[in-house]
Structure formats: C-alpha cells, structure tokens
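# Working through the structure, step by step
This is what each chain is made of:
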There are 2 protein chains.
Amino acid sequence: MPALSYGQYSLVFNMLSFSVAAMFGAFAFFAMSQKLIGAKYRASMVVSSVVVLIAGYHYYRIMGSWEGAYHLVDGAYVPSGMPFNSAYRYVDWILTVPLLLVELVLVLGLEKGKTGPMLTKLVTAAVLMIALGYPGEISIDPTTRHIWGALSSIPFVYILYVLWTQLHGATRGSTAKVMSLFESARRVLLVTWGFYPIAYLIGTFGGAHSASAAVGVQVAYSVADVTAKALFGGIIFAIAYEKSRADGSLPSLHG
Amino acid sequence: MPALSYGQYSLVFNMLSFSVAAMFGAFAFFAMSQKLIGAKYRASMVVSSVVVLIAGYHYYRIMGSWEGAYHLVDGAYVPSGMPFNSAYRYVDWILTVPLLLVELVLVLGLEKGKTGPMLTKLVTAAVLMIALGYPGEISIDPTTRHIWGALSSIPFVYILYVLWTQLHGATRGSTAKVMSLFESARRVLLVTWGFYPIAYLIGTFGGAHSASAAVGVQVAYSVADVTAKALFGGIIFAIAYEKSRADGSLPSLHG
C-alpha cells in the first residue's frame, strides 16, 4: 500500500461509507417496494434486495479494512502493516453478479422455457469473468495483470452482448414508457459495467506504488458497484412498476 | 493452532466472510420469499430463514475468533495465544440441523399423522450425531477422534438413509418438475452432508499441528454449511414454488 495524503485517504474512506449507506438504503427500499408492484414482478425485487444487502455488508467490511490498513502520522496516512483485503470485492461479486443477472432476466419476462437456459449461460459466464479477474487483481506484475484481465474480458463482453440484445428484444410489444425504461436500463448497464475494466486498468497502469492509482481503483469500483446495484435496481423497480400498471396488476388503491 | 502463511490465513478468513454474506443474503431471500409461494408451503421457508440467520450469526463469530487467534508477524500469521473457538460450529449445528430437518420434512408434505413421528426420529438422531461428534472434534488424540467420530456416524448414516428413502417416496404423484427438483434435493443432500465427515477426517489425519489440515477443516466445513443451508434452502424454495404452481396456490396476479 502506498502512503496517502489526508485528502486521498479521506476520499476513499468517505466513498466507501457512501456506498454502505447507499446499499443499505437501497435494501430497505427494494425490500419494502414489493407492496407497490404486481405479484409477478416481486421475485425480481426480492433478488434486488438480496444483492444490495450482501454488497452493504461487504462495503462495511472494506471500510473497516481500509481503516485498519493506515495510520495517521503527522497529518498523512502511512501503511499500518495490516494488509488491505481486496478479496472482499471479489467475494461480493461472485455472490451478487449472478443474482444481478437473475434480477434482470426475471423482469424481462421471457417466453416460457427460455429463462432457465438464458440464466445458465449468463451465470456461468459471470463466475468465469470474476474467477479469471482475481489472479490479475492481486498481482502487481503488469504482464500477469494484462493476461488475466484479457481472459476475464471474454465472458465480460459475452454477458454484455447477450444482455444488450435481449434488452432490445424484450421491449417489443410493451408500452412506450416500458420501452423507454428498458432503453435506459441498456444504457445504464453499458456505462456502469464499463467502470469495472476502467478500475482494473487504473490498477494496472497506475503501478503498485502509486497513491493516485490506489485511490482511483477504490473510487471507480465503488461508483461502479453503487450504480450497477442500487441505481440499476431502481430502474428494475421502475420497469416492474410500469409493467404492473400496463397489465392492471398494481395493488389496489384502497388495499 | 499451527502458524499459517498469508495465503492460508486469508483463504480461511475470506471463506468465513463469504459464508457470513451468503447466510445473511439467504436470510433476506427466504424471509421475503413467502409472498412468492402458496400459503401451505410458507412454514418451510420460515424455518429456512431461521436456519440461515442463526448460521450467519455463528459465522460472524467464527470470523472474529479466527481474527483474534492470529497475529501478523513479518508477513506470516502466528498464533496469538487466544484460542480459536471451534464450539461455535457445534452450537450452530445443535440448533440448525434439527431445523433443517423440519424444513425438509415440511416441504415433503407427508400424509396426515406421519410428520410428527418422522421428525421425532430425525431430530433425536441429529442431536445424538452432534453431541457424539463434539468430544472427537476438540480432541487432538487420533484414537479419541476415531471413537467419537465412529459413534457420531451411526445417527448420521441413519438420518441420510431415512431422508434418502423419504425423498424418493415423496416424488410419487408429483409433476415432472417437482420430481426432478426432489431428485436434485436428494443428490445435493448426499453431497453436502458428505462434506462433514470429510472435514472431520481432515482434522483427524492431518494432525493437530498441520497448517494445511487446519485450513482444510475450516474451508470444508464452510462449504458444507453454505451448501447444506443456503443452497439447500434455495432448492426447498424451488420445490415449494413448483408445488404451488401445480396446485394453483401461487399468489394471485392481483394480490
């Protein structure tokens, strides 16, 4: 771990705390949102709330690990000798990325018999993507990072391609509002997932001893996670709400 | 406790943290899943959520005990002198294994009058199995471990035999999907419960001072618990969902 200025240390710490708050806040919203939508879209919000609960736990642990990894000495932060545990992120992803894909595919409402095979393909690719990324993440050798990063990119691009085309197909036969929400979901998906390779590349090209690279990696991963989990779950909720309204399954006004 | 390399210590620590996240995530899912299935299968998911909540608490404590039992000295982990509390696992099992059996027997939907006697037999065997295993677990003498391990195996094999045959009988008269889910449940049950004696034997044959045995025991028990509680609960949910669909008790579209 590189030594950090007071501002650099605090930026990461506050970003991590922001993520804890956003994830647990999103958990409360998604857990309670089931009363606001039709019964057949609730499974999607149940899964969304599990995703942000698990992520909130991990951000809480990451924040503690960040605190433990530094000591304040003469107004600057120097490594305490305790390692910063970067495995928390990968443990989080191995649990939450498959669930994120379940949440998204459930709200697509594919034809009967198509949901299972679609999820098998996507979840397998997600596990491969995360498992192949980890050996690169914990390495400080640029060549090792490039090789594992490139391997991890193959399932990454595959998942994005499948989701991008599926999200387009799913909009057929929907109301204008649902169609435009699916379009937002497509764009948010592309932008937020794009942050992950950027964060990885900051770690590769910034070098192992660069303070700004260490800060950049943590900030970029936090932004990506909050957007991909909390904000994306919000869009899923909006889609479920508009679909419930369109098919008349909104809970009764006087229920 | 044996001294551990950084990688060995971290593997166990991250596996324990993974288990905490998986158990609490499963708790949120099982607790909320009751809105997604028919009323008569809900008791099973209530019990499932109690199981993973208790397990999540114990994994959180085990993680803390593991942290306290080691100090980082010159890049390696040496025993701190604080004992690692292996009783947490047995306290967990004495509470959760009887509940797991209740959860499974409830979803079987046995004929009237058969559920009570079946549960009495299975729960008695489970308590015996755990109580007989503990004196072996905390011993470092191989002979003592063998004797208690062998005694504990008798109720263990009995429980597996009863469940294996019951899970077969229960599939009669079900839809093809419910039958294939019960078949998965049988296989998962056998594989995951098989991990427990393997973990015990790693502790016996690895020796009390072997680092790899200490790591192997913790990893194997964690994998077994996550699969037997969180993943198995997921299969129970799938069975309850498909049974609700088959008997028309799925929550109404306009509920």
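Presented here is an overview of the structure given in this document. Just so it is clear, the structure is predicted and the values come from calculations on it, not from any experiment.

Let us now look at the nonpolar core. Counting 156 residues, the largest nonpolar core has I159 and W193 of chain A together with W66, I159 and W193 of chain B as the members making the most contacts within it. Sorting elements by how many residues they give to this core places helix 7 (residues 211-246) of chain A first, with 16 residues. Residue contacts for W66 of chain B: discarding those within four places in its chain leaves M1, L4, Y9, V12, F13, L16, F84 and Q218 of chain B.

All right, on to a nonpolar patch on the surface then. A surface patch of nonpolar side chains, amounting to about 290 Å² of accessible area, comprises V91, I94, L95 and V127 of chain B. Note that L95 of chain B resides in helix 3 (residues 87-108).

A separate point is the pairing of strand 3 (residues 76-79) of chain A. Residue and element names in this part refer to chain A. Here strand 1 (residues 4-5) runs beside strand 3; their pairing, made up of two bridges, is antiparallel. When the sheet's bridge partners are listed, S5 is paired in strand 3 with A76. Judged from the four bridges that link them, strand 2 (residues 70-73) and strand 3 form a sheet pairing that is antiparallel. Bridge pairing links L72 to Y77 in strand 3. Between strand 2 and strand 3, which follow one another and run antiparallel, lie two residues, and D74 among them has a positive phi close to 55°.

The two chain copies are related to each other by a rotation about an axis together with a translation along it. Here chain B sits on chain A after a turn of 77° about the axis and a move of 0.0 Å along it, with an RMSD of 0.1 Å. The operation mapping one copy onto its partner corresponds to a five-fold rotation axis. The share of interface residues of chain B whose copies in chain A are also at the interface is only 4%, consistent with the copies meeting through different surfaces.

Residue and element names in this part refer to chain A. One open sheet holds the three strands; their spatial order is 1-3-2, and the pairing between them is antiparallel. Because the sheet does not close on itself, it has two edges, and the strands there are strand 1 and strand 2. Those strands touched by helix 2 (residues 42-69) are strand 1, strand 2 and strand 3, and its axis lies near 45° from that of strand 2.

As a further point, take the interface of chain B and chain A. In this complex, chain B contributes 25 residues to the contact, which on the side of chain A involves 30 residues. When chain B packs against chain A, close to 2,100 Å² is buried across both sides, 67% of that on carbon and sulfur atoms. Seen at the junction of chain B and chain A, the total is two residue pairs in polar contact (both at pLDDT 80 or more). Every element with two or more residues in the side of chain B that touches chain A is listed here: helix 1 (6-32) and helix 2 (42-68) of chain B. Among the elements that line the side of chain B that touches chain A, the one with the most residues is helix 1 of chain B, at 13 residues.

Let's shift gears to the packing of helix 4 (residues 115-137) of chain B against helix 5 (residues 142-169) of chain B. Residues and elements named next belong to chain B. Close contact between helix 4 and helix 5 brings their axes to 8 Å; oriented N to C, the two are set at 155°. Considered as vectors, helix 4 and helix 5 are oriented roughly antiparallel to each other. Considering how the two elements wind past one another, helix 4 and helix 5 form a crossing that is left-handed. Of the residues in helix 5, those touching helix 4 at M118, K121, L122, A125, A126, L128, M129, L132, G133, P135, G136 and E137 are T144, R145, W148, L151, S152, P155, F156, Y158, I159, V162, L163 and Q166. Partitioned by chemical class, the residues of the contact of helix 4 with helix 5 number 16 nonpolar, five polar and three charged.

With that settled, consider the side chain of S19 of chain A. Positionally, S19 of chain A belongs in helix 1 (residues 6-32). Once you skip the residues sitting within four places of it in the chain, S19 of chain A turns out to touch Y59, S222 and V226 of chain A.

The rules we used
Residues numbered from 1 in each chain as written. Chains lettered and ligands numbered in written order. Predicted model: local features only at pLDDT ≥ 70, side-chain atom pairs only at ≥ 80, totals over all residues. Heavy atoms only, no water. Core = buried A, V, L, I, M, F, W, Y, C linked by side-chain atoms within 4.5 Å. Buried < 20%, exposed > 50% of the residue type's maximum accessible area, 1.4 Å probe, protein only. Helix = DSSP H or I, 4+ residues; strand = E, 2+ residues; numbered from the N terminus. Contact = heavy atoms within 4.5 Å. Patch = residues over 30% accessible without salt bridge, like charges linked within 9 Å, V, L, I, M, F, W, Y side chains within 5 Å. Areas by Shrake-Rupley, 256 points an atom, 1.4 Å probe, with all protein chains shown as cover. Salt bridge = Lys/Arg side-chain N within 4 Å of Asp/Glu carboxyl O. Pairing = 2+ DSSP bridges. Least-squares fit on C-alpha atoms with pLDDT ≥ 70 in both. Axes fitted to C-alpha atoms, helices over the stretch in contact; angles between N-to-C directions. Buried area = accessible area lost by both parts, 1.4 Å probe. Polar contact = N/O pair within 3.5 Å; in protein donor to acceptor, adjacent residues only side chain to side chain. Parallel < 35°, antiparallel > 145°, perpendicular 65-115°, else oblique. Left-handed = near helix turned anticlockwise from the far one by under 90°. Nonpolar A, V, L, I, M, F, W, Y, C, P; charged D, E, K, R; others polar.

Interpretation in functional terms is not warranted from these geometric data alone.
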